[in-house]
Amino acid sequence: MHIPDGFLDGKTAVAGGILAAAGLGVALRQARLHLPPRRVPLLGLAAAFVFAAQMINFPVAGGTSGHLIGAVLAAVLLGPSGAVIVISAVLIVQCLMFADGGISALGANIFNMGVLGGVGGWAIYRVVGRLVKGLFGLILAASFAAWCSTVLGAAACAGELAASHTAPWSVVLPAMAGIHMLIGIGEGLITGLVLAAIARARPELLRPDAATEPRRSYGAIVAYGVSIALGLALFASPLASRWPDGLDRTAERLGFKAKAVATSIPAVLPDYEMPGIHWSVLGTSIAGALGTVVVFVLAWLLARVLVPMADPPDSTGPGTAS
Amino acid sequence: MSAAIEVRNLHFRYGEGTHALHGVSFSIAEGESVGLIGPNGAGKSTLLLHLNGLLPEVWTGEPSVLVGGNPVTPGTALEVRRKVGLLFQDANDQLFCPTVFEDVAFGPQQLGLSEAEIRERVTRALAHAGIPGFEARAPHHLSVGEKRRVCLAGVLACEPSILALDEPTSSLDPKGRRELKELLRGITLTKLIATHDLELVVELCSRVILLDGGAVAAQGPTLALLSDEELMLRHNLERPHILRHLHPH
Amino acid sequence: MRHDFLDRYSRLDSPVHRAPAAVKLVVALALVVTVVLLPSSRAVALAAATIVVLAAAALSRIPWRFLVRRVVVLEPFVLGVAILALFQPGGWRLFLFLVAKCTFGLLVMVLLSNTTPFSDLLRVLKGAHAPALLVTTLSLMYRYLFVLVDEAQRMKRARASRTFTPRRTWAWQTMATVVSQLFVRSSERAERIYAAMCARGWR
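Residues numbered from 1 in each chain as written. Chains lettered and ligands numbered in written order. Predicted model: local features only at pLDDT ≥ 70, side-chain atom pairs only at ≥ 80, totals over all residues.

1. Observations regarding the overall build of chain C
Part 1 of the reasoning: A count of helical and extended segments in chain C gives eight helices and zero strands.
Part 2 of the reasoning: Dimensions along the principal axes, computed over C-alpha positions, put chain C at roughly 55 × 50 × 30 Å.
Part 3 of the reasoning: When the 203 residues of chain C are sorted by exposure, 37% land in the buried category.
Part 4 of the reasoning: Restricting the contact set of chain C to residue pairs at least 6 apart, pairs at least 24 apart contribute 73%. (Helix = DSSP H or I, 4+ residues; strand = E, 2+ residues; numbered from the N terminus. Buried ≥ 20, exposed ≤ 12 C-beta atoms within 10 Å, placed from the backbone. Contact = placed C-beta atoms within 7 Å.)

2. Observations regarding the interface of chain C and chain A
By a frequent convention, interface size equals the accessible area lost on bringing the separate parts together.
Part 1 of the reasoning: In this complex, chain C contributes 60 residues to the contact, which on the side of chain A involves 55 residues.
Part 2 of the reasoning: Contributing elements (two or more residues each) for the side of chain C that touches chain A: α2 (21–37), α4 (64–82), α5 (91–115), α6 (118–127), α7 (132–160) and α8 (168–199) of chain C.
Part 3 of the reasoning: Its residues assigned to classes, the side of chain C that touches chain A shows 43 nonpolar, 12 polar and five charged. (Nonpolar A, V, L, I, M, F, W, Y, C, P; charged D, E, K, R; others polar.)

3. Description of helix α1 (residues 44–51) of chain B
One full turn of an α-helix is made of 3.6 residues, so residues set three or four places apart face in the same direction.
Residues and elements named next belong to chain B.
Part 1 of the reasoning: Summarising burial for α1: seven of the eight residues are buried, a large majority.
Part 2 of the reasoning: Turning to α1, its buried residues number three or more, namely Lys-44, Thr-46, Leu-47, Leu-48, Leu-49, His-50 and Leu-51.
Part 3 of the reasoning: Within two residues after α1, Gly-53 carries a phi angle of roughly 80°, on the positive side.

4. Some remarks on the nonpolar core
Part 1 of the reasoning: Of all hydrophobic cores here, the largest spans 243 residues; its most connected members are Ala74(A), Val86(A), Ile139(A) and Val172(A).
Part 2 of the reasoning: If one sorts the elements of this core by residue count, helix α3 (residues 71–98) of chain A sits on top with 22 residues.
Part 3 of the reasoning: Counting contributing residues per domain, this core is built from domain 1 (15–123) and domain 2 (131–199) of chain C, each supplying no fewer than three.
Part 4 of the reasoning: Contact partners of Val172(A), with chain neighbours within four places excluded, come to Ala158(A), Leu161(A), Ala162(A), Ala167(A) and Leu84(C). (Core = buried A, V, L, I, M, F, W, Y, C linked by C-beta atoms within 7 Å. Domains from an automatic or database assignment.)

5. Some thoughts on the interface of chain B and chain C
Part 1 of the reasoning: At the junction of the two partners, chain B supplies 23 residues and chain C supplies 21 residues.
Part 2 of the reasoning: At the level of secondary structure, the elements contributing two or more residues to the side of chain B that touches chain C comprise α2 (77–83), α3 (91–94) and α4 (100–110) of chain B.
Part 3 of the reasoning: Broken down by class, the residue content of the side of chain B that touches chain C amounts to 12 nonpolar, eight polar and three charged.

6. Observations regarding the packing of α4(B) against helix α5 (residues 115–128) of chain B
Residues and elements named next belong to chain B.
Part 1 of the reasoning: Where α4 contacts α5, the axes come no closer than 9 Å and their chain directions differ by 120°. Considering the angle they form, α4 stands oblique to α5. As α4 packs across α5, the resulting crossing turns out to be right-handed. Counted together, Phe-101, Val-104, Ala-105, Pro-108 and Gln-109 of α4 and Glu-117, Ile-118, Arg-121, Val-122, Ala-125 and Leu-126 of α5 form the full contact between these two elements.
Part 2 of the reasoning: For the contact of α4 with α5, a count of residues per class yields eight nonpolar, one polar and two charged. (Axes fitted to C-alpha atoms, helices over the stretch in contact; angles between N-to-C directions. Parallel < 35°, antiparallel > 145°, perpendicular 65-115°, else oblique. Left-handed = near helix turned anticlockwise from the far one by under 90°.)

7. A closer look at the sheet that holds strand β9 (residues 207–212) of chain B
Residue and element names in this part refer to chain B.
Part 1 of the reasoning: With mixed pairing, six strands are arranged side by side in an open sheet as β6-β7-β8-β3-β9-β10. Edge strands, defined here as strands with exactly one partner in the open sheet, are β6 (84–87) and β10 (215–221). Averaged over all pairs of adjacent strands, the angle between strand axes in this sheet comes to 15°, irrespective of strand direction. (Pairing = 2+ DSSP bridges.)

8. Here's the deal with the sheet that holds strand β1 (residues 5–13) of chain B
Within a sheet, adjacent strands bond to each other through the backbone by hydrogen bonds, running parallel or antiparallel.
Residue and element names in this part refer to chain B.
Part 1 of the reasoning: The strand order across the open sheet built from four strands is β2-β1-β4-β5, with neighbouring strands paired in antiparallel fashion. Each edge of the open sheet carries a strand with a single partner, namely β2 (19–28) and β5 (70–71).
Part 2 of the reasoning: Pairing analysis gives three bridges linking β1 to strand β4 (residues 65–67), with the strands arranged antiparallel. Residue pairing in the sheet places Ile-5 in a bridge with Val-67 of β4.

9. Here's the deal with the confidence of the model for chain A
Residue and element names in this part refer to chain A.
Part 1 of the reasoning: A residue-level look at chain A finds 79% of positions with pLDDT of 70 or above and a mean pLDDT of 81.
Part 2 of the reasoning: When the elements of chain A are averaged for pLDDT, helix α7 (residues 218–260) gives the smallest value, 62, and helix α2 (residues 40–54) the largest, 95.
Part 3 of the reasoning: For the stretch residues 240–249, pLDDT sits under 50, and the model shows nine contacts to residues farther than four places along the chain or on other chains. (pLDDT = per-residue confidence, 0-100.)

10. Some details on the packing of helix α1 (residues 10–34) of chain A against α3(A)
Residue and element names in this part refer to chain A.
Part 1 of the reasoning: For the pair α1 and α3, the least separation of the axes is 8 Å and the interaxial angle reads 120°. Between α1 and α3, the angle falls in the class oblique. For α1 against α3, the interelement crossing comes out left-handed. From α1, Gly-23, Leu-24, Ala-27, Leu-28, Gln-30 and Ala-31 reach across to α3, where they touch Ser-81, Gly-82, Val-84, Ile-85 and Ser-88.

11. Some details on the pairing of β1(B)
Part 1 of the reasoning: Taken together, the six bridges between β1(B) and β2(B) define a ladder with antiparallel strand orientation. When the bridges of β2(B) are listed, Leu10(B) appears paired with Val24(B).

12. Notes on the environment of Gln54(A)
Residues and elements named next belong to chain A.
Part 1 of the reasoning: Topologically, Gln-54 is positioned in helix α2.
Part 2 of the reasoning: A C-alpha to C-alpha distance of 25 Å links Gln-54 and Leu-135, two positions 81 residues apart in sequence.
Part 3 of the reasoning: Those residues within four positions of Gln-54 in sequence are excluded, and the remaining contacts are His-67, Leu-68, Ile-69 and Gly-70.

13. Looking at unusual backbone geometry
Part 1 of the reasoning: A cis geometry characterises the amide bond from Leu55(B) onward to Pro56(B), with omega recorded as -5°.
Part 2 of the reasoning: Mapped onto the fold, Pro56(B) is located in the loop between α1 and β4.
Part 3 of the reasoning: In this structure, Ala99(A) takes a positive phi of about 55° despite not being glycine.
Part 4 of the reasoning: Look at Ala99(A) and you get buried, because 29 C-beta atoms sit within 10 Å.
Part 5 of the reasoning: Phi angles above zero are rare outside glycine, and Ser171(B) is one such case at about 65°.
Part 6 of the reasoning: Tracing the backbone shows Ser171(B) in the loop between β7 (162–166) and α7 (174–186).

14. Some remarks on the domain arrangement of chain C
Part 1 of the reasoning: For chain C, the assigned domains read domain 1 (15–123) and domain 2 (131–199).
Part 2 of the reasoning: The gap between the C-alpha centroids of domain 1 of chain C and domain 2 of chain C is 32 Å.

15. With respect to the environment of Ala21(C)
Residues and elements named next belong to chain C.
Part 1 of the reasoning: Within the secondary structure layout, Ala-21 lies in helix α2.
Part 2 of the reasoning: Sequence separation between Ala-21 and Pro-117 is 96 residues; the distance between their C-alpha atoms is 8.5 Å.
Part 3 of the reasoning: Setting aside anything within four residues of it in sequence, one finds Ala-21 in contact with Thr-116, Asp-120, Leu-121, Arg-123 and Val-124.

Rendered as structure tokens:
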């Protein structure tokens, strides 16, 4: 999902940059205020860890393999601000050292994978985790949230490409979101497997105090929420603007027809003139909604497999410590 | 004249309850070169971490370690770290900056020295460690031996009066080992060397402390102790080959 | 390999290598931004910029085959997304221009990263008053990247030498265990690094 240089136009790149700077700024401030000094090296090592983990091949079929992105994994282990810092560091190094991801697209990439993927994913993880307790709940919440974060990031990426007129929204959203709904399954699966393994080896690393911030930092939550909402509004606006476009054109045609024919034409005609625009986006949204339910069930099954019911409920879990 | 290092009845227990050190007592005079030997898990590394205040993490009761006559307490820890230069076992853990220069300069920087002084100390320390001109090198391009020398330079740049080394020759090839040995021989600071390398101890240390199970099992002159075959075997060590042809005193 | 780990050309000696890192970073950014903002009609400007960059590449004494290989390895994603551009009026022209712009960007960044050691770029960031925590994180990340990738390789190899069935499900479990071990070891190493930093006076 690393957008290279040249795909985003000026305004989108700048918007992405501002949102990324805001999100990263909040994260750094949170860490500066709440991260104990002995955990400072952990951020750097975690960034190196995410980078190394991203290089590990998970074989899929016929030579292709899946890879971890790790935003939600980082958020579970380090808290949302830690995740933002770590993912940003990874993206910066990948861009400057390996030309992976354009330098003009760095802001957008950080927003998609770090802020939206990391904080958005973490929020989903917390909500689900509050509903289901224990290690089982943690694995379920984290795997599901990892899938969601992948799809959200891809949707934002699609929005940015569409906003830059690089590709039409009706094509790029189904393509990117669709592909990432599949890729996201890998991300969810790997995240769940890794967390289960860490829980077996060193459960104390999953305790909330491994995170970078206290559990109630409302200021930061508000700031993140605002930047994510802004981002979605900016980049998902093609979704909203397509409707007026479609309606405008329909009205035009109606107007033309009205000139030639009587005025007693029903006001709402099905938009069969533009099948590509509406239906593909609508179709993707429906697929997304269905996918969410399916993946939630899959995540439940995964957690069931990884956390044998014989274990007594223990206190590791996102919802239990408040 | 107070001893360079004095340890009195040091006890230490890790959080989970493992009792790592039991009443360890010894003292090291200024300029002495002492070896710290013992089987794996004896507590050698743990003991070294007490010498510059990194352990214990939670302080209770009387201070058990005195450096240059002054007790090591949370208040004096920073001062003690200037005096006691600790070389860790894994060079990768200690060499944490992106270039050699920045890493060796780390200590002097923390001391608040000026740019010019820092530069001078780094040059001198690198020369002392036998790797002059390494300033611009990146750590991931260095060999194990070179990394260890950089760590040594980083410690020397702080100009300590006591050097505590944890397994300095581990993972080195024979040549690297010989060179490090000569290097250490040339450093006249008070030295405490924790090591499995018994030949090194024979060549560099006049006295030896044998640690086993967190307690001092024996201490005394190197040749006498290391030639005591029965004592060595009892503590999972052995009499070094170099002494096979010498008569114990 | 998507990432070149040997980092063998960033410390060569050439006029490009010797140029100050800040200058190279700013120039690279300026070049990329200018080209990104170019409308499709300005093919000539793009060609001119490309010639400048190719000249710099020649000056840098980095083997051509290496540079080309680095760019080619990153092309698939570019092509994959650029293909989506075909689905609109004027698609072919846009597609070609996109691929040209992206490839130009890749070339600039590959050249930058191979003529400038990352530690120099870090120093530029520090000088530009980037937040201290971010610089420390980047610094430690750069330092331990290679160590961790190495560790991961060794663990993979150790696992592979005890794997006798090619079952894919087992492979996922194995790899997940390697990743988890990597994190556990990294967090332990972070503690030791903290101790080493304190031992040399860090506050």
